[in-house]
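Here's the letter readout for the chains.
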Amino acid sequence: MCAIIGVSSNGTLDDVVLEANHLLKELDHRAQDGAGICAMIEGKMILVEGKGKVEQALTSDKLKIYRDNRKNIYAALAQARYITSAEEESVQPVIEGTGERQIALIHNGNIRDYAFLKSVLRQRGVLPTDRKYSDSELIAKIIASSKKETVEEAILETLELLKDKPAHNLIVQHKNTMYAYRDRYGHHPLDIGWKNGTISVASEKVALQRHGYQDNNIEDIKPGQFIKITKGHIEERKQLYEPYENKSWSEYPPSLGALCFLEFVYFMTDKKHHESGPVESDILLRDFRIKLGSRSGYEWKRKMLNDGREIPQICRSSHVPRASKWQEFGHINQTGDVHEQFIRIYAGDEMRAFIARTWEDSIKMARQKFRIQGDLYGKSTKVNEDTDIKGTNLSVIIELLRAAGVSAAHIVVNFPPIKYTCPYGFAFQDPKLLIAYYLPKEEQREEFYRLIFMGMLADTIKRRDRIIEVAHNAPLTPEKREEAIEMSVKLGDNYIWKKKGRLYALDKKIWLPENYDESRFSLFHLPLESLLDVVGLHANRFCYRCLTGKYPENRIAK
């Protein structure tokens, strides 16, 4: 999910590094964890890097070393980091090798077969230290350790080793030559554009379009395609491997690949451009979000009526996160809610609770992320959530609403529930960390969050497994009930809800709180078919593994 940029110029561009930096800033929405940039100065690759967004990581002072030598710089690589795993620590570009064989590499994607990458290095007698290496670092080491006569041959040898290992969009620099490759699965986009003696490669074409590259001078690098660029000139372009084909496609060319759908929606910007093809290639963020909110509002109302519930009168309505404000406007058009934002992201979009390795850490991060803004006591509320990945965000938001004393809470998620892991997209470590994996049916998830809202779960961290058991309708036997009460009294365990001196077991079939009212809470996820209808693109254009559990036919290795 990282942003990668490669720039090559014939000398007409005054500052190649500055061009790479500007292009990287256009992709700042993709990554906020750190950024790096490198170029060759006096025969040696020089790396500048830092933490935070691009403008924070690559300050003017840090880039001064390149400005002082800009007349002799013909190529530069840049990358902005998007952490998808709690173990990630490395910074790119990765520099490997020495002297005439020194290279720099940037990588967008995830190769989860670390054992294979390490085995290649061990066979060559290269044994990395015990510190953890990223897949990008291991790929660079494989190239640098090759016995091939030229660096280009070493790169091609490495790509042959990786041909069945999605996902690895790579840009490699050796001296003044740049090599770009998009793997044949086409899971992530990679685009190339040219202007005035300069050729640039970007992980999303919107960077090129916003920075002076005309649409007729921009094209998608096809899955499996390898391009060699030297001083602003394409020396070689060849199709190393044919894209995986879906034989059932008749009206769509097989070279389109299967783009990660979650990436497409999650990283949509003011003007999001995906791969060109037989569909409209421009979708305005504002129009898309309004249409999405309107559709979710309509279907939420329809579901409430189908379930025999009355449409609640909403006193306050909010959007989470800030990027989904247009969704809220569309939703209000359907529901007539009063719009007043009362939930905000506290520490910025860079806090992604889903990357944490445990449920406990995810909850802690989410609790730092959200704050209630405004007086909600006794009021009916509705929350418009953009995409809830693990379920931790909703758990914490509902905790906050309950603590604020709201009289009712209705949650609308404008995305289908994410039920499965996909190591090639967002690197979820364990499907058991996804609430939708535990509770695949919507009524089970609704019961899970309702029990939190009703105050039956005072600590989401400690009692997650127990609340899931109850949501699965696993009632306590009388013996277990008495045992639970006794243990609760002894240990102060939150398995029992305490109010006004009375004890209530979590299973509502045994004891119910005095004010238990199912109509006070509702949960709705937009179905996949509805989201696809809003996007307006053919379903075969994308991979929905995280939503359906299946990869596109004949496309991505299982």
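The shown structure was predicted, so the numbers you read here are calculated from the model rather than taken from an experiment.

Participant: What exactly am I supposed to notice about helix α6 (residues 151-162) here?
Facilitator: Here α6 spans 17 Å end to end across twelve residues, near enough to the 16 Å set by a 1.5 Å rise per residue. What α6 keeps buried is the set V151, E152, A154, I155, T158, L159 and L162. An end-on view of α6 places all buried positions within 160 degrees of arc, on one side of the element.

Participant: What should I look at first to understand the packing of helix α12 (residues 392-403) against helix α14 (residues 442-453) in this one?
Facilitator: Axes are the key here: two packed helices are described by the angle between their axes and the distance separating the axes. Close contact between α12 and α14 brings their axes to 8 Å; oriented N to C, the two are set at 35 degrees. In this structure, α12 crosses over α14, and the sense of that crossing is right-handed. On α14, the residues touching L394, S395, I398, E399 and R402 of α12 are F448, Y449, I452 and F453. Looking at the contact of α12 with α14, its residues break down into six nonpolar, one polar and two charged.

Participant: How do you make sense of the sheet that holds strand β13 (residues 233-239) when you look at a structure like this?
Facilitator: The strands making up a sheet associate through backbone hydrogen bonding, with each pair oriented either parallel or antiparallel. With respect to topology, six strands assemble into an open sheet ordered β5-β6-β7-β8-β12-β13, the strand pairing being antiparallel. Single-partner strands in this sheet number two, and they are β5 (94-96) and β13. This sheet shows a mean twist of 20 degrees between the axes of neighbouring strands, independent of strand direction. Pairing geometry for strand β8 (residues 177-181) and strand β12 (residues 225-230), over five bridges, is antiparallel.

Participant: Is there a simple way to explain the nonpolar core in this structure?
Facilitator: One recurring pattern in soluble globular proteins: nonpolar side chains tend to sit buried together. Membership of the largest hydrophobic core comes to 51 residues, with the highest contact counts inside it found for F261, I411, F415 and Y449. Residues in contact with Y449, not counting those within four places in the same chain, are D388, G391, L394, S395, I398, I435, F521 and L523. Within the second largest apolar cluster, 29 residues are counted, among which are V54, I73, V206 and A207.

Participant: I keep staring at the packing of aromatic side chains and nothing clicks. Help me out?
Facilitator: Counted according to the given criterion, the structure contains two aromatic pairs. Relative to F226, the ring of Y179 lies with its centre 5.8 Å away and its plane at 25 degrees, an arrangement referred to as stacked. Taken as a pair, Y179 in strand β8 and F226 in strand β12 lie far apart in primary sequence, 47 residues in all. If you follow K165 out to its NZ or CZ, it ends over the ring of F116, 4.6 Å from the centre. A cation sits over an aromatic face here: K231 above Y74, 4.4 Å from the ring centre.

Participant: Help me understand the packing of helix α11 (residues 359-369) against α12 in this model?
Facilitator: Between α11 and α12, the shortest axis-to-axis distance is 9 Å and the interhelical angle comes to 50 degrees. When the axis of α11 is compared with that of α12, the two are oblique. Classified by chirality, the crossing of α12 by α11 is right-handed. Note on element contacts: α12 touches α11 through T392, N393, S395, V396 and E399, opposite W359, S362, I363, A366, R367 and K369.

Participant: Any chance you could explain the pattern of salt bridges here in plain terms?
Facilitator: As a working rule, side chains carrying opposite charge can pair if their charged atoms are close by. Enumeration over the complete set of coordinates arrives at 24 salt bridges. In this structure, the salt-bridge partner of K228 is E152, at a minimum N-O distance of 2.9 Å. A residue pair is termed long-range when its members are at least 10 positions apart, and K228 in strand β12 and E152 in helix α6 qualify at 76 residues. The burial state of K228 is the same as that of E152; both residues are buried. Two residues, K228 and E235, come together in a salt bridge whose shortest N-O distance is 3.4 Å.

Participant: Teacher, can you tell me more about the sheet that holds strand β2 (residues 34-41) here?
Facilitator: The strand order across the open sheet built from seven strands is β3-β2-β4-β1-β10-β9-β11, with neighbouring strands paired in antiparallel fashion. Each having just a single partner strand, β3 (44-51) and β11 (218-220) make up the two edges of the open sheet. Neighbour to neighbour, the strand axes of the sheet diverge by 15 degrees on average, direction disregarded. Pairing of strand β1 (residues 3-9) with strand β10 (residues 198-202), which is carried by five bridges, proceeds in the antiparallel orientation. Following the sheet pairing, V7 is matched in β10 by S200.

Participant: Would you take a moment to explain the pairing of strand β6 (residues 103-108) for this structure?
Facilitator: Regular strands place side chains that alternate from one sheet face to the opposite one. Among the six residues in β6, six count as buried, and that is most of the element. Taking every second residue as pointing to the same face, both faces of β6 are buried, with I103, L105 and H107 on one and A104, I106 and N108 on the other. Pairing between β5 and β6: three bridges, direction antiparallel. From the neighbouring strand, E96 faces β6, where its bridge partner is I103. Where β5 hands over to β6, the hairpin turn is made up of six residues, of which G97 adopts a positive phi near 85 degrees.

Criteria and cut-off values
Residues numbered from 1 in each chain as written. Predicted model: local features only at pLDDT ≥ 70, side-chain atom pairs only at ≥ 80, totals over all residues. Heavy atoms only, no water. Helix = DSSP H or I, 4+ residues; strand = E, 2+ residues; numbered from the N terminus. Expected span 1.5 Å × (residues − 1). Buried < 20%, exposed > 50% of the residue type's maximum accessible area, 1.4 Å probe, protein only. Arc of directions from axis to C-beta. Axes fitted to C-alpha atoms, helices over the stretch in contact; angles between N-to-C directions. Left-handed = near helix turned anticlockwise from the far one by under 90°. Contact = heavy atoms within 4.5 Å. Nonpolar A, V, L, I, M, F, W, Y, C, P; charged D, E, K, R; others polar. Pairing = 2+ DSSP bridges. Core = buried A, V, L, I, M, F, W, Y, C linked by side-chain atoms within 4.5 Å. Phe/Tyr/Trp six-rings, centres within 6.5 Å; stacked < 30°, edge-to-face > 60°. Lys NZ or Arg CZ within 6 Å of the ring centre and 35° of its normal. Parallel < 35°, antiparallel > 145°, perpendicular 65-115°, else oblique. Salt bridge = Lys/Arg side-chain N within 4 Å of Asp/Glu carboxyl O.

Functional significance is not addressed by these values, which are geometric in nature.
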